[in-house]
Amino acid sequence: MNGGCVLLVCTLLVGASSGSRTGQLQKPPCRPGFSQNFYTVIISRDVLHGQSILKDTTLSSERVKFEDCQRSRDVGFVSSDPNFSVRSDGTVYAEQEVANLSEPVQFMVTARGLHDPHIWETTVKLALAGHLHPLPLTKLTFEEMLSRVWDSQPRVIKFSRKHQRGSSANGLRRQKRDWVIPPINVPENSRGPFPHMLVRIRSDQDKDVGIRYSITGAGADQPPSGIYNIDPISGNMFVTQPLDREERASFHLRAHAVDMNGNQVENPIDLYIYVIDMNDNRPEFQNQVYNGSVAEGSKPGSSVMQVTATDSDDSTTANGMVRYRILSQTPHSPIPNMFTINSETGDIFTVAAGLDREKVSQYTIIVQATDMEGNLNFGLSNTATALISITDINDNPPELTVRTFSGEVPENKVNVVVTNLTVVDRDQPHSPNWNAVYRIVSGDPSAHFTVRTNPITNEGMLTVIKPVDFEMNRAFMLTVVVSNQAHLASGIQSSLQSTAGVTISVQDVNEPPVFPANPKMIRFEEGVPAGTTLTVFAAQDPDHFIHQIVRYSKLSDPANWLKINRTNGQITTMALLDRESVYVKNNMYEATFLAYDNGKSGSPQASGTGTLQIYLIDVNDNAPVLIPREAQICERARPNSRINITASDADIEPNIGPFVFELPSFPASIRRNWTVSRLNGDYAQLRLRIPYLEAGMYEIPVIVSDSGNPPLSNRSLIRIKVCPCDNNGDCSATGAVAAAGLGTGAIIAILICIIILLSMVLLFVVWMKRREKERQAKPLLIDPEDDVRDNILKYDEEGGGEEDQDYDLSQLQQPESLDHIISKPSGVRRVDERPVIAESQYPVRPSLPHPGDIGDFINDGLRAADNDPTAPPYDSLLVFDYEGSGSTAGSVSSLNSSSSGDQDYDYLNDWGPRFKKLADLYGGGDDD
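Residues numbered from 1 in each chain as written. Predicted model: local features only at pLDDT ≥ 70, side-chain atom pairs only at ≥ 80, totals over all residues. Heavy atoms only, no water.

A few points about the overall build of the protein
When its secondary structure is counted, the protein shows eight helices and 53 strands. Within the span of the protein, comprising 928 residues, buried residues form 34% of the whole. Within the protein, residue pairs in contact and separated by at least 24 positions form 67% of the contacts whose partners lie at least 6 positions apart. Carbon together with sulfur atoms contributes 51% to the accessible area of the protein, which is approximately 56,900 Å² in total. (Helix = DSSP H or I, 4+ residues; strand = E, 2+ residues; numbered from the N terminus. Buried < 20%, exposed > 50% of the residue type's maximum accessible area, 1.4 Å probe, protein only. Contact = heavy atoms within 4.5 Å. Areas by Shrake-Rupley, 256 points an atom, 1.4 Å probe, with all protein chains shown as cover.)

Digging into the nonpolar core
Ranked by size, the top nonpolar core spans 26 residues in total, and within it Ile201, Ile215, Tyr228, Met237 and Leu271 carry the most contacts. Of all the elements in the fold, those that place two or more residues in this core are strand S12 (184–187), strand S13 (196–202), strand S14 (212–216), strand S15 (228–230), strand S16 (236–239), strand S17 (250–258) and strand S18 (264–276). Sorting elements by how many residues they give to this core places S18 first, with five residues. Residues contacting isoleucine 215, with those up to four places away along its chain left out, are Ala220, Asp221, Tyr228, Asn229, Ile230, Met237, Leu253, Arg254, Ala255 and Leu271. (Core = buried A, V, L, I, M, F, W, Y, C linked by side-chain atoms within 4.5 Å.)

Remarks on the confidence of the model for the protein
Of the residues in the protein, 71% reach a pLDDT of 70 or more, and the chain-wide mean stands at 77. In the predicted structure, residues 826–830 sits below a pLDDT of 50 and forms 19 contacts with residues beyond four places in sequence or in another chain. (pLDDT = per-residue confidence, 0-100.)

Focus on the side chain of serine 203
Here serine 203 lies in the loop between S13 and S14. You can call serine 203 buried: its relative accessible area is 0%. At 2.5 Å, the side chain of serine 203 and the side chain of glutamate 266 are in polar contact. (Polar contact = N/O pair within 3.5 Å; in protein donor to acceptor, adjacent residues only side chain to side chain.)

As for the environment of arginine 523
Along the chain, the position of arginine 523 falls in strand S37 (residues 520–525). Distance in space between the C-alpha atoms of arginine 523 and tyrosine 615 is 4.6 Å, their sequence separation being 92 residues.

Overview of the pairing of S16
As paired strands, S13 and S16 are joined by four bridges and run antiparallel to one another. Among the inter-strand pairings, valine 199 is bridged to a residue of S16, identified as methionine 237. Counted between consecutive antiparallel strands, the loop separating S15 from S16 contains five residues, among which glycine 235 sits at a positive phi close to 80°. (Pairing = 2+ DSSP bridges.)

Details of the pattern of salt bridges
Between side chains of opposite charge, pairing is possible as soon as their charged atoms come close. Enumeration according to the criterion identifies 12 salt bridges in this entry. Between arginine 323 and glutamate 373 there is a salt bridge, with the nearest N and O atoms lying 4.0 Å from each other. Linking arginine 323 in strand S23 (residues 323–330) with glutamate 373 in the loop between strand S26 (362–370) and strand S27 (381–391), this pair joins segments that are 50 residues apart in sequence. When its relative accessible area of 27% is taken as the criterion, glutamate 373 is described as partly exposed. With a closest N to O distance of 3.2 Å, lysine 554 and aspartate 557 form a salt bridge. Of the residues examined, lysine 554 reaches a relative accessible area of 33% and is grouped as partly exposed. (Salt bridge = Lys/Arg side-chain N within 4 Å of Asp/Glu carboxyl O.)

Quick notes on the sheet that holds S17
Reading across the sheet, the four strands line up as S12-S18-S17-S14 and stay open at both edges, with mixed pairing between neighbours. Since the sheet does not close on itself, it has two edges, and those belong to S12 and S14, each with one partner. Looking at each pair of strands side by side, their axes are set apart by 30° on average, direction ignored. In terms of strand pairing, S17 meets S18 through eight bridges, oriented antiparallel. Looking at the pairing, histidine 252 lines up with tyrosine 272 of S18. (Axes fitted to C-alpha atoms, helices over the stretch in contact; angles between N-to-C directions.)

Topic: the state of the cysteines
Tallied over the full model, the rule gives two disulfides. Covalent S-S linkage joins cysteine 634 and cysteine 725, the inter-sulfur distance amounting to 1.9 Å. On the sign convention where negative is left-handed, the bridge of cysteine 634 and cysteine 725, at about -105° about the S-S bond, is left-handed. Note that cysteine 634 is positioned in strand S45 (residues 630–634) and cysteine 725 in the loop between strand S51 (713–723) and helix H4 (733–739), a separation of 91 residues in sequence. (Disulfide = S-S within 2.5 Å.)

What to know about the packing of aromatic side chains
For the coordinates displayed, the defined rule picks out 10 aromatic pairs. Ring centres of phenylalanine 285 and tyrosine 324 lie 6.4 Å apart, and the angle between their planes is 55°; this geometry places the pair in the tilted category. Note that phenylalanine 285 is positioned in strand S19 (residues 284–285) and tyrosine 324 in strand S23, a separation of 39 residues in sequence. Taken as a pair, phenylalanine 285 and tyrosine 324 share a single burial class, namely buried. Centre to centre, the rings of phenylalanine 764 and tryptophan 767 are 6.3 Å apart; their planes meet at 35°, and the pair counts as tilted. (Phe/Tyr/Trp six-rings, centres within 6.5 Å; stacked < 30°, edge-to-face > 60°.)

A few points about a positive patch on the surface
Together, Arg642, Arg671, Arg687 and Arg689 line one region of the surface with positive charge. Its relative accessible area of 36% is what places arginine 642 among the partly exposed residues. (Patch = residues over 30% accessible without salt bridge, like charges linked within 9 Å, V, L, I, M, F, W, Y side chains within 5 Å. Lys, Arg positive; Asp, Glu negative; His and termini not counted. Charge placed at Lys NZ, Arg CZ, Asp CG, Glu CD.)

A closer look at the pairing of strand S50 (residues 696–705)
In this structure, strand S47 (residues 660–662) lies alongside S50, joined through three bridges in antiparallel fashion. Looking across to S50, one finds that valine 660 is bridged to serine 705. Examined bridge by bridge, S50 and S51 share 10 bridges and lie antiparallel to one another. Bridge pairing links proline 701 to leucine 717 in S51.

Details of a nonpolar patch on the surface
Together, Leu757, Val761, Phe764, Val765, Trp767 and Met768 give the surface a local cluster of nonpolar side chains, amounting to about 610 Å² of exposed area. Positionally, methionine 768 belongs in helix H5 (residues 744–777).

So, the sheet that holds strand S42 (residues 588–596)
Strands sit in the order S37-S43-S42-S39 across an open sheet of four strands; the sheet is mixed. Of all the strands in the sheet, just S37 and strand S39 (551–556) have a single pairing partner and so form its edges. The average undirected angle you get between the axes of adjacent strands in this sheet is 30°.

Quick word on the side chain of aspartate 371
Of note, aspartate 371 is situated in the loop between S26 and S27. Separated by 2.5 Å, the side chain of aspartate 371 and the backbone nitrogen of leucine 380 make a polar contact.

Section: the environment of valine 704
By the element assignment, valine 704 lies in strand S50. Since its relative accessible area comes to 0%, valine 704 is described here as buried. With 41 residues separating them in the primary sequence, valine 704 and leucine 663 have C-alpha atoms 9.1 Å apart. If we skip the residues at most four places from it in the chain, valine 704 touches Pro624, Leu626, Ala647, Phe659, Val660, Phe661, Leu712, Ser713 and Asn714.

Considering unusual backbone geometry
Of the consecutive residues proline 223 and proline 224, the connecting peptide bond is found in the cis state with omega at -5°. Structurally, the position occupied by proline 224 is in the loop between S14 and S15. Residues serine 333 and proline 334 are joined by a peptide bond in cis, for which omega reads -5°. With respect to the secondary-structure elements, proline 334 resides in the loop between S23 and strand S24 (339–341). Of note, asparagine 189 is a non-glycine position whose phi angle comes to about 60°, a positive value. Tracing the backbone through its elements, the reader meets asparagine 189 in the loop between S12 and S13. Its relative accessible area of 27% is what places asparagine 189 among the partly exposed residues. Here asparagine 458, not a glycine, exhibits a phi torsion of approximately 70°, which is positive.

Structure representation (structure tokens):
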């Protein structure tokens with residue numbers, strides 16, 4: 001250390017390191033580096049001389065330290081400010097006397113292992129006690145600030161050399177430690193001029209040999225290239241353009257020294273360039289509008305929301321340290337400062353009581369974020385809007401508008417609204433705090449009424465859900481209480497106006513007669529004769545206070561079995577009751593009758609219906625029927641050749657089975673050839689008694705009797721087909737035909753009929769073929785040569801004679817240009833040129849024209865062609881040339897249009913209508 005250095009002692013205002021906070025907790029994994037990224041040191045005025053400033057070590061400080069994790073690693077410290085240095089134990093001291101620290105000083109301390117490529121950095125800020133914040137920057141211009149950073153750079157950086165110390169009597173000493181190259185600090189946003197010299201790189205051997213210097217790395221020869229360059233001869237290193245720390249905060253370059261032949265003279269050295277941050281970025285809010293909410297009636301200190309702003313500047317310096325404050329609050333009710341904001345976190349809290357949604361439902365807060373730790377003189381600011389909605393709580397009980405409601409309802413009506421109960425609630429509409437719930441607490445023991453809430457108006461609709469009877473209750477006195485879906489907030493009491501009375505009057509109406517037993521069921525045996533009285537089905541009139549006459553009529557009687565006495569309701573049969581009828585379901589027959597009164601003054605007749613159910617008791621009135629009616633059996637008796645038979649009976653128990661099956665005694669052949677054996681109460685077997693019976697169809701009578709009292713019997717026929725059977729006991733095809741009753745003669749007759757039918761079809765086909773041939777061989781009535789229908793007529797092309805062969809075909813060709821025609825010496829040429837104008841529109845024939853429109857279509861086309869200047873022949877230029885003299889043709893100049901009278905043109909009249917006009921012009925001279 002230089003003898004002239006002065007040590008300064010100061011107090012370090014930093015928090016405890018992570019190592020001191022762990023206490024007895026598990027120690028976290030070791031990470032080499034400084035315990036903090038930023039140190040702020042406040043120096044007292046009376047200790048400016050002779051004391052150390054800051055000590056950063058692993059041994060003597062628990063608040064700030066550098067952890068190397070290996071303990072044996074040699075670490076060197078370098079300060080970016082030449083006025084301050086750092087000892088190997090971490091003590092920061094001043095290289096010269098610091099008599100007046102009028103402004104805060106900030107510099108960077110770099111730690112690097114001698115044999116480790118890694119580097120670590122921290123920032124130290126020194127300020128005089130009482131000047132924690134920088135002094136007003138108005139005393140320093142921007143250029144002065146930049147010049148101070150430029151001036152703090154090391155001027156010359158030499159390549160490090162290793163010196164071997166001599167041996168001593170105790171042995172060899174260790175090598176001298178390499179120089180630690182301090183980092184180069186370059187301020188961002190410098191205005192130049194550029195290129196600006198940063199440092200000079202030089203080698204100790206530049207006096208002996210010619211040295212060429214170069215730098216490599218990102219920012220030099222790698223992207224972004226060209227930011228730094230070096231003079232290869234002098235070693236002066238330059239920055240060529242302004243830097244932006246927000247784009248790139250540091251650069252790592254390597255300096256090289258080679259001789260004139262390109263041989264390495266020195267080992268490359270690492271150059272670390274750090275871009276010093278300037279306050280050139282405003283804080284930016286993540287949103288321009290923030291939405292938050294807080295419940296009304298919240299206590300002071302209740303959290304509302306958080307706003308967040310970020311600053312792109314260095315967050316470890318005041319340039320990137322953002323502070324918040326509230327600029328304004330709208331509205332100012334109940335006080336102008338209902339909210340406050342945490343200046344560091346941006347959390348907004350309430351600071352006063354009195355939030356009432358019914359008075360103010362939303363507040364608008366303007367929040368300002370300022371960097372430089374909130375210094376309004378030096379910091380940059382930005383604003384955002386916070387919208388704070390006051391959420392509703394149930395602090396207003398519902399109140400009925402009147403203490404007593406009234407209404408009236410006709411008897412026997414349901415779902416009728418008797419009256420509407422109106423209510424007032426100042427809470428948030430259509431929320432659980434506003435929605436009303438009504439309860440009937442007294443006056444309706446039979447639950448005739450309920451109160452439903454109108455979801456739109458919140459009114460209570462008192463509704464009848466159970467019919468009321470005027471003869472039982474002529475009026476009701478109800479007590480109704482109203483509340484909200486949500487419970488009232490703590491400390492809020494129900495209002496006396498939440499309870500009201502309701503008076504309901506019941507109106508008397510003409511009620512229809514009522515059948516006491518409806519439906520009414522009676523039991524009768526089926527088969528009762530017509531005219532039998534079954535029962536009296538009478539109705540009662542509920543209107544006890546008015547005497548009315550009740551009359552009856554039949555409303556529904558599907559089988560038309562019944563009739564009712566009009567005055568007393570007596571039911572009498574008109575036909576035999578049959579349980580087996582299709583109108584009887586499950587032994588039950590139903591009929592519906594109508595009872596009606598004669599009405600009272602001002603009211604129409606009222607009618608009621610009643611249902612009579614007649615349960616019909618079964619009697620044995622249906623004989624059993626044999627099942628099946630057809631079967632087949634083998635002609636030879638076999639053990640399995642038998643027919644299972646049963647019976648069906650329309651009656652029910654006990655008038656059905658068990659059944660008795662037997663064969664009649666006449667004719668005698670039945671019992672001789674067949675036999676019946678009983679299987680159980682409902683089934684029997686019919687089989688052959690003899691070993692063989694000729695194939696054919698047989699009708700076997702069987703007598704079936706039921707178990708009724710008395711029993712009923714039925715003689716039924718079963719058709720049995722007896723046929724030859726194969727080994728499996730099934731009828732064969734031949735046997736089936738034979739059993740069907742078709743003999744050999746019948747089969748032959750059928751085959752003959754089929755042959756005759758096929759012969760007729762064959763003869764018809766032959767006759768049609770022959771007729772077709774005759775039609776083709778019949779001669780035409782006219783000669784085919786004279787038949788001009790659909791024939792092509794060929795005409796031979798005959799050329800002229802020998803004298804007609806000498807002609808110039810080019811005269812008939814269309815000339816290509818007018819100039820060619822004009823340049824010819826003689827002759828007359830017609831130049832047909834199509835006019836360059838829009839073509840005329842011709843009529844379009846419809847896709848499905850009417851036959852009468854064809855003539856009109858043709859005429860329209862002719863008129864369009866006559867008026868079309870683009871249709872040939874065109875109005876063309878005729879060029880006449882001098883034809884010369886000596887023509888063999890006679891002169892036509894002697895011809896004139898005068899008529900001498902000696903020429904007769906009357907023959908033109910004989911030439912037909914086409915020459916009539918010409919005959920009129922030249923004929924008939926005597927008439928002129």
